[in-house]
There are 2 protein chains.
Amino acid sequence: MKRLTIKDIANHFNVSISTVSKALNDSYEISVSTKEKIQRFAKENNYKPNFNALSLKSRKTKTIGIIIPNMLNYFFAQVFKGVEKVANKRGYKIISCISNESYEKEKETLEMLSNGSIDGVIVSIAEETELQNNFSHFENCIAAGIPIVMFDRVAERINCDKVITNDFDGAVNAVQHLVKTGFKNIAFISTISNLQIGRLRHQGYLKGLEKENIAIREDFIINIKEDDYKEYENVLTPIFAQKDIDAVITTDESSAIAAMKVAIRKGHTVPDNFSVIAFSNGILARHSSPKMTTVSQHGEQMGATAAEKLIDKLENNNDTHNETFIIKTDIVERKSTKSYMVVHN
Amino acid sequence: MKRLTIKDIANHFNVSISTVSKALNDSYEISVSTKEKIQRFAKENNYKPNFNALSLKSRKTKTIGIIIPNMLNYFFAQVFKGVEKVANKRGYKIISCISNESYEKEKETLEMLSNGSIDGVIVSIAEETELQNNFSHFENCIAAGIPIVMFDRVAERINCDKVITNDFDGAVNAVQHLVKTGFKNIAFISTISNLQIGRLRHQGYLKGLEKENIAIREDFIINIKEDDYKEYENVLTPIFAQKDIDAVITTDESSAIAAMKVAIRKGHTVPDNFSVIAFSNGILARHSSPKMTTVSQHGEQMGATAAEKLIDKLENNNDTHNETFIIKTDIVERKSTKSYMVVHN
DNA sequence: ATGAAAGCGCTAACAT
DNA sequence: ATGTTAGCGCTTTCAT
């Protein structure tokens, strides 16, 4: 039951532990014959150097932390996948934590991890933290020598690497796509108006309208609380009944589905006289009827980039330079919008 | 930048490191006054005992591993959430790995983790592993003193704690629900016929028919390869065209959605003359039109149970008894089936 | 080519 | 009440 150690191996061959250590590390100091027999024995007996002893000595754990606001969100799951892939490739383990959008949990997690458990951390800021605008726990972490890479939901004023989406441009493009396919009464439905990324998408929406010379209608900007997602349809129904909306851009999938249902129930045909584009690249988009056109965020690539950048920094101590990487969104055309092709015909 | 250690504190107060250690652990051996000043100093300077030193000494890491076949699967994400919640509550960290359904990856992960990184591991077996029927890596792990808890996809012959769903009964109930609401030509669509849980659901389906005195029709049993999920509709269309199927039970959400679409396209009205029940509790079920009735698996509860059981075992070394916990499924009635109520009226 | 010894940060048995 | 020491498993410098 007790795990094999170099001490055991040393005893077995009547050599010193340092000989064993060197032999296992293939040192030139050790004769080929002893290296061979020791390595073979180690292999046969499934020797594995103790992780904690190694980490204690080297002050490196080869593990990174990741703090995610909500694991049931497909986007975050994708990011996680990207991080895992890169971390695995480069020999790192991942300790993962869910903040549940809570400031306290996020803070406690960071403190728990900054005791030598991890070398660095990847984080997307909890909603509560963003609202409270209190980022000192991140500053402490960085000051303690644990590098941070933030993704998607980042804190402007924290000096660290960041991986973000071009939310603003994504919204501009979405508006222009809709206008080019014949829609002008475009509503903007946001479930994240309290988050920075929500504000950016909102601004992009406004900019898109401006570019297309469409007057802004304040009553076309619809903010919904995120947690009454079961209520989206109920919220939207009266609004759609009263207004001559013929297209929507939403900040998430659920509200896009709700909007589509309500529009269809009202008698619209999607995409012929009602179009919808949703931010996100989740599964819902691929399963709705009709399938949904999205502003896709490339979550996996964001995760991979964050991990690459973090590990680069961990393995290159003199790298003190911080960058912000912008992962471009793409409009993935499905069936909830008309395509340019059709229009050009 | 360098982290504060008890040695530093000892130097600062001109006492020995053991005094500091005892003071920080509130030992009765140390005078109240020195305890106070040392504890205050530690707190003010944000002292944190080094994780690796602690683990090396105690041979406990207070971290558990979790190996999941696919993080983009909502069910597994739910399980993860349950594990995280319990682990966090009981002071454990989680190292999470994705096997991507690969035997090699699963095996390597297990080996990587069994070097003292973790105290125990929670795992749902990769598809490839189940097909190869090769579980020696789990046996090695257990033999090395690292307890395993398996969930959902478990290996019968491995002697460890298990947390499973009553797949068989779930399918029986689904059949009976359909029959009671007036459907007799019930097809069974499986995307996981190669997995044990798939076989159990299949058998439950057969048993349900038997109980209801409905003849089995082999051509109503439809097995689809999981990875051509984009093709589900294409696969199903000709089948539905030829046969007088009026209800389906599916092993997953995606194929249920496809079945519903194909049925509707064929002219059926769901649920009036065509019903569907899907295994799973994902987001798709809540967003489809009509919303889908499911055999819900309670992923979060499964994760929580697995974590509780594993940690119980870790903290109670003489607990050598292994159990299998069955988490019951529930039929969650939504709009793709008629309800008993309607029938009884 | 091999070994002795120190040290990573901590705990705990054993002095004093 | 405080200190000394050994040891957790390993690497590495410095003998030999």
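What you see is a predicted model, and the numbers here were worked out from it, not measured in a lab. (Residues numbered from 1 in each chain as written. Chains lettered and ligands numbered in written order. Predicted model: local features only at pLDDT ≥ 70, side-chain atom pairs only at ≥ 80, totals over all residues. Heavy atoms only, no water.)

1. Comments concerning the pattern of salt bridges
Per the stated rule, a full pass over the model turns up 42 salt bridges over all chains. When the shortest N-O distance is used, the salt bridge between A:Lys243 and A:Asp219 registers 3.3 Å. Within this pair, whereas A:Lys243 is found in the loop between α11 (232-242) and β8 (247-250), its partner A:Asp219 is found in the loop between α10 (196-211) and β7 (221-223), the two being separated by 24 residues in sequence. Residue classification places A:Asp219 among the partly exposed residues on the basis of a relative accessible area of 30%. Here B:Asp167 and B:Arg201 are joined by a salt bridge, their closest N and O atoms 2.6 Å apart. With B:Asp167 in helix α9 (residues 167-180) and B:Arg201 in helix α10 (residues 196-211), the pair connects residues that are 34 residues apart, well separated along the chain. With respect to class, B:Asp167 is no different from B:Arg201; both count as buried. Counted as one network, the salt bridges with shared partners bring together A:Lys62, A:Lys89, A:Arg90, A:Glu308, A:Asp312 and A:Glu315. (Salt bridge = Lys/Arg side-chain N within 4 Å of Asp/Glu carboxyl O. Helix = DSSP H or I, 4+ residues; strand = E, 2+ residues; numbered from the N terminus. Buried < 20%, exposed > 50% of the residue type's maximum accessible area, 1.4 Å probe, protein only.)

2. Things to note about the packing of helix α5 (residues 74-89) of chain B against helix α14 (residues 299-314) of chain B
Residues and elements named next belong to chain B. At a minimum axis separation of 6 Å, α5 and α14 run at an interaxial angle of 40°. In terms of orientation, α5 lies oblique with respect to α14. For the pair α5 and α14, the sense of crossing is right-handed. Taken together, the residues of α14 that come into contact with α5 (itself represented by Phe 75, Gln 78, Val 79, Lys 81, Gly 82, Val 83, Lys 85, Val 86, Ala 87 and Lys 89) are Gly 299, Glu 300, Met 302, Gly 303, Ala 304, Ala 307, Glu 308 and Ile 311. Here the residues of the contact of α5 with α14 sort into 9 nonpolar, 4 polar and 5 charged. (Axes fitted to C-alpha atoms, helices over the stretch in contact; angles between N-to-C directions. Parallel < 35°, antiparallel > 145°, perpendicular 65-115°, else oblique. Left-handed = near helix turned anticlockwise from the far one by under 90°. Contact = heavy atoms within 4.5 Å. Nonpolar A, V, L, I, M, F, W, Y, C, P; charged D, E, K, R; others polar.)

3. Notes on the relation of the copies chain B and chain A
With an RMSD of 0.1 Å, the fit of chain B onto chain A corresponds to turning through 180° and sliding 0.0 Å along the axis. Taken together, the turn and the small shift mark the pair as related by a two-fold rotation axis. Among all C-alpha atoms of chain B, that of B:Ile95 lies closest to the rotation axis, at 2.1 Å. A shared interface surface links the copies, since 100% of the contact residues of chain B are contact residues in chain A too. (Least-squares fit on C-alpha atoms with pLDDT ≥ 70 in both.)

4. Details of the sheet that holds strand β9 (residues 275-279) of chain A
To summarise the sheet geometry, strands pair through backbone hydrogen bonds and adopt either a parallel or an antiparallel arrangement. All names here are of chain A. Taking strand neighbours across the sheet as the criterion, the 6 strands line up as β7-β6-β8-β9-β10-β12 in an open arrangement whose pairing is mixed. The open sheet has two free edges, formed respectively by β7 and β12 (330-332), since each of these has just one partner strand. Each strand of the sheet is rotated relative to its neighbour by a mean of 20°, with strand direction disregarded. Both β9 and strand β10 (residues 293-296) contribute to a ladder of 3 bridges, which runs parallel. Each residue of the ladder has a partner; that of Ile 277, found in β10, is Thr 293. The strands that α10 touches are β6 (186-190), β7, β8 and β9; relative to β6, the one it contacts most, it runs at about 175°. (Pairing = 2+ DSSP bridges.)

5. So, the protein's contact with DNA strand D
Neighbouring DNA strand D are 30 residues, the closest being A:Ser21, A:Tyr47, B:Thr19, B:Lys22 and B:Lys57. Each atom of DNA strand D within 4 Å of the protein belongs either to a base or to sugar and phosphate, the latter forming 59%. A distance of 3.5 Å is found between a phosphate oxygen of DNA strand D and a side-chain nitrogen or oxygen belonging to A:Asn25. Within the contact set of DNA strand D, a phosphate oxygen lies 3.0 Å away from a side-chain nitrogen or oxygen of B:Thr34. (Near = heavy atom within 4 Å. Polar contact = N/O pair within 3.5 Å; in protein donor to acceptor, adjacent residues only side chain to side chain.)

6. Remarks on α9(B)
Residues and elements named next belong to chain B. Look at α9: 20 Å from first C-alpha to last across 14 residues, which is about the 20 Å you get at 1.5 Å a residue. Within α9, 10 of the 14 residues are buried, which leaves it mostly tucked inside the rest of the structure. When we look at burial in α9, the residues that qualify are Asp 167, Gly 170, Ala 171, Val 172, Ala 174, Val 175, Gln 176, His 177, Leu 178 and Val 179. Once α9 ends, the next one or two residues include Gly 182, with phi positive near 100°. (Expected span 1.5 Å × (residues − 1).)

7. Concerning the interface of chain B and chain A
Opposite the 53 residues of chain B that make contact, chain A presents 53 residues. A buried area of about 4700 Å², summed over both sides, lies between chain B and chain A, and 58% of it is on carbon and sulfur atoms. Considering only the surface of chain B that becomes buried against chain A, B:Asn52, B:Leu72 and B:His287 emerge as the three largest contributors, covering 14% of it. Inspection of the region where chain B meets chain A yields 4 salt bridges. Where chain B packs against chain A, one counts 15 residue pairs in polar contact (both at pLDDT 80 or more). For the side of chain B that touches chain A, the elements supplying multiple residues, two or more each, are α4 (51-58), α5, β2 (93-98), α6 (103-113), α12 (253-265) and α13 (283-287) of chain B. Here the side of chain B that touches chain A gets 7 residues from one element, more than from any other, and that element is α5(B). The class makeup of the residues in the side of chain B that touches chain A is 23 nonpolar, 17 polar and 13 charged. (Buried area = accessible area lost by both parts, 1.4 Å probe.)

8. Details of the domain arrangement of chain A
If you check the domain split of chain A, you get domain 1 (6-49), domain 2 (61-164 + 299-327) and domain 3 (167-297 + 332-343). Look at where the C-alpha atoms of domain 1 of chain A and domain 3 of chain A centre, and you get two points 65 Å apart. (Domains from an automatic or database assignment.)

9. Things to note about the protein's contact with DNA strand C
The immediate surroundings of DNA strand C are formed by 30 residues, with A:Thr19, A:Lys22, A:Lys57, B:Ser21 and B:Tyr47 found nearest. Separating a phosphate oxygen of DNA strand C from a side-chain N or O atom of A:Thr19 is a distance of 2.6 Å. Separating a phosphate oxygen of DNA strand C from a side-chain N or O atom of B:Lys7 is a distance of 3.5 Å. Going through the elements one at a time, α2 (17-24) and α4 (51-58) of chain A together with α1 (6-13), α2 (17-24) and α4 of chain B are the ones with two or more residues in the surface near DNA strand C. Among the elements that take part in the surface near DNA strand C, α2(B) stands out by supplying 4 residues, more than any other. Residues that form the surface near DNA strand C fall into these classes: 10 nonpolar, 11 polar and 9 charged.

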